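# Notes for the structure review
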Amino acid sequence: MENKRRQLMYAIQMYDFYLYELQLYLDTHPTCRNGLFAFRRYKELREKAVRSYNEMFGPLTPIQSGCENVFEWAKGPWPWEKEAN
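Residues numbered from 1 in each chain as written. Predicted model: local features only at pLDDT ≥ 70, side-chain atom pairs only at ≥ 80, totals over all residues. Heavy atoms only, no water.

## Regarding the packing of helix H1 (residues 2-28) against helix H2 (residues 33-57)
- Orientation of H1 relative to H2, taken along the N-to-C sense of each, is 155 degrees, at an axis distance of 9 Å. Between H1 and H2, the angle is such that the two are roughly antiparallel. For the pair H1 and H2, the sense of crossing is left-handed. (Axes fitted to C-alpha atoms, helices over the stretch in contact; angles between N-to-C directions. Helix = DSSP H or I, 4+ residues; strand = E, 2+ residues; numbered from the N terminus. Parallel < 35°, antiparallel > 145°, perpendicular 65-115°, else oblique. Left-handed = near helix turned anticlockwise from the far one by under 90°.)

## Comments concerning the pattern of salt bridges
- Using the criterion set out here, one finds 3 salt bridges in the structure.
- Taking the shortest distance from any N to any O, the salt bridge between Arg 5 and Glu 2 comes out at 3.8 Å. With Arg 5 and Glu 2 both in helix H1 and 3 residues apart, the pair spans about one turn of that helix.
- Measuring nitrogen to oxygen at the nearest pair gives 2.3 Å for the salt bridge that ties Asp 16 to Arg 46. Residue Asp 16 is found in helix H1, and its partner Arg 46 is found in helix H2; the two are separated by 30 residues along the sequence.
- Using a relative accessible area of 33% as the deciding quantity, one classes Asp 16 as partly exposed. (Salt bridge = Lys/Arg side-chain N within 4 Å of Asp/Glu carboxyl O. Buried < 20%, exposed > 50% of the residue type's maximum accessible area, 1.4 Å probe, protein only.)

## Here we look at the nonpolar core
- Core analysis: the largest hydrophobic core is formed by 10 residues, namely Leu 8, Met 9, Ala 11, Ile 12, Tyr 15, Ala 49, Val 50, Tyr 53, Phe 57 and Leu 60.
- Elements supplying a minimum of two residues to this core: H1 and H2.
- No other element matches H1, which puts 5 residues into this core. (Core = buried A, V, L, I, M, F, W, Y, C linked by side-chain atoms within 4.5 Å.)

As structure tokens, then:
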């Protein structure tokens, strides 16, 4: 299970990097169809990875917390702690 946590966290970080780089590219090439396609694709992949992480290990950010019966964000480990990565 710990290996899956690391894999998902790595995937989210990788997609964040891709999206940031594509954002910079699209800032100067806003009509590039390939750039827009890649941005949408990596955004979908990131959202899927975040959903999987949230379902298996809990929220990465407070806004992703379910908040129905308990504020799940307070459950550990925190995303930036060594145990979570």
